[in-house]
Amino acid sequence: MTPEQTGTTPAVSTEQHIETTERYAAHNYHPLPVVIASGEGAWVTDVDGKRYLDCLAGYSALNFGHSHPQLVERARQQLGTLTLTSRAFYNDQLGPFAQALAELAAKDMVLPMNSGAEAVETAIKVSRRWGYEVKGVPEDQANIIVMEGNFHGRTTTIISFSDDKVAHDNYGPYTPGFRAVRYGDIESVRAAVDEFTVAVLLEPIQGEGGVVVPPEGFLRDVRALCSEENVLMVADEIQSGLARTGTTFACDLEGVVPDMYILGKALGGGLYPVSAVAANKDVLGVITPGSHGSTFGGNPLAAAIGHEVCRLLATGEFQDRARRLGDRLLAGLEPLVGHGLDEVRVRGLWAGLDVTPGGPSGRELCERLMERGILAKDTHGMTIRLAPPLVITEDEVDLIVAAVKDSLEG
């Protein structure tokens, strides 16, 4: 009997899924040849039934793992109740979410959006408006200091100050008003600041760059400089925040509090795009009705999920797990330096591994890891990133280390 006669759905092979995707979806990504069909916790299963340990976690969007039961249940409840009103009306979920996130960030208020790039754009707009209305910068003269090697998203404005040629080239004309300086070099930042500077925008740890950690004290120096020069310190914690580095925010690693946090990815629990900026009233107060908005920003479904994420983070459990298991990951990876790896950078459950030239490329190492049941992502040719969900176990950390070691050896 045919599948149509039996009422069953015919199985679609990995190759067929890939062929269909490559035919009908634009080629803006270069995925590994695996087709994921389901996920639970730190593990995913492909269409052929093979399981993999997910060590990318949606670029930190899945900090709480796949299908976290508490998040799924809250989303299910809200999905059957109310999903969208637009901000033309109040809804009963936004206020509690905004309060919980503001309290988590120790800020007065938040402005919710959807994608991380939208949150970055929001931070840029708020910084400029604050510069004109509060600092008194002359109209159209505001500048924002950004870091070389940055990654903040892919909108036209954001890629205007990217030095990644693939992300940047052939999208001009570009948005002016940004000055790029050396990441981790406070004197470079200081030299770029003038009376028209309204913000210093940075990632406390550069994720897309390969988990690049600035020198100790850099964030504190930036904080001091911004306070001295009446400039906003704006921290893009979209990847580094919400427990990934072993603290609620990566800025906490240096005891630094920025003027504005940019948040996203894990804020939606891997279920729904949720982003926001958080700041005090003297900053976010410049936003007035009609001056900024989004049809879906702050919708009830997003707010319900985001609120549940804040509840999970308020316990401190995930921060502790990332810190403790990150120490275990570092202890396992460090001996591989000089044996296939040039450098290992680890903060919490977030690692950047620089592969020694002459060995496999970053892509080739990821392919070898995939064969061994580990999914990871390369960046900039010879670097791979590891960012497993924070629900991972000690044994699974050891499994990652063993797979990396084995893959380096061939």
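Residues numbered from 1 in each chain as written. Predicted model: local features only at pLDDT ≥ 70, side-chain atom pairs only at ≥ 80, totals over all residues. Heavy atoms only, no water.

Enquirer: For this particular structure, what's the right way to read helix α4 (residues 69-79)?
Expert: An α-helix turns once per 3.6 residues; consequently, residues spaced three or four apart project the same way. Those residues of α4 lying buried are L71, R74, A75 and Q78. Down the axis, α4 shows its buried residues gathered within 100° of arc, on one side only. Opposite the buried face of α4, by more than 90 degrees, sit the exposed residues P69 and R76. Structurally, α4 contributes buried residues whose contacts are with α12 (300-314). (Buried < 20%, exposed > 50% of the residue type's maximum accessible area, 1.4 Å probe, protein only. Helix = DSSP H or I, 4+ residues; strand = E, 2+ residues; numbered from the N terminus. Arc of directions from axis to C-beta. Contact = heavy atoms within 4.5 Å.)

Enquirer: How do you make sense of the nonpolar core when you look at a structure like this?
Expert: For soluble globular proteins, nonpolar side chains are generally found buried alongside one another. Counting residues in each nonpolar core, the largest one holds 63 residues, and the members touching the most others are L267, L333, L353, L386, I400 and V404. Grouped together as the second largest cluster of nonpolar side chains are 29 residues, L111, A199, I262 and V277 included. (Core = buried A, V, L, I, M, F, W, Y, C linked by side-chain atoms within 4.5 Å.)

Enquirer: Would you explain the sheet that holds strand β9 (residues 260-263) in this entry?
Expert: In a beta sheet, neighbouring strands pair by backbone hydrogen bonds and run either parallel or antiparallel. With mixed pairing, the seven strands of this open sheet are ordered in space as β4-β10-β9-β8-β7-β5-β6. Since the sheet does not close on itself, it has two edges, and those belong to β4 (109-113) and β6 (178-181), each with one partner. In this sheet, neighbouring strand axes are inclined to one another by 20° on average, regardless of whether the strands run parallel or antiparallel. By the bridge criterion, four bridges tie strand β5 (residues 143-147) to β6 in an arrangement that is parallel. Looking at the pairing, I144 lines up with F178 of β6. (Pairing = 2+ DSSP bridges. Axes fitted to C-alpha atoms, helices over the stretch in contact; angles between N-to-C directions.)

Enquirer: For this particular structure, what's the right way to read the pairing of β5?
Expert: The two faces of the sheet receive side chains in turn, since in a regular strand these alternate between them. With respect to burial, β5 is a largely interior element, five of its five residues being buried. The alternating pattern of β5 places N143, I145 and M147 and I144 and V146 on opposite faces, both of which are buried. In this structure, β5 lies alongside strand β7 (residues 197-202), joined through three bridges in parallel fashion. Note on β7: the bridge partner recorded for I145 is V200.

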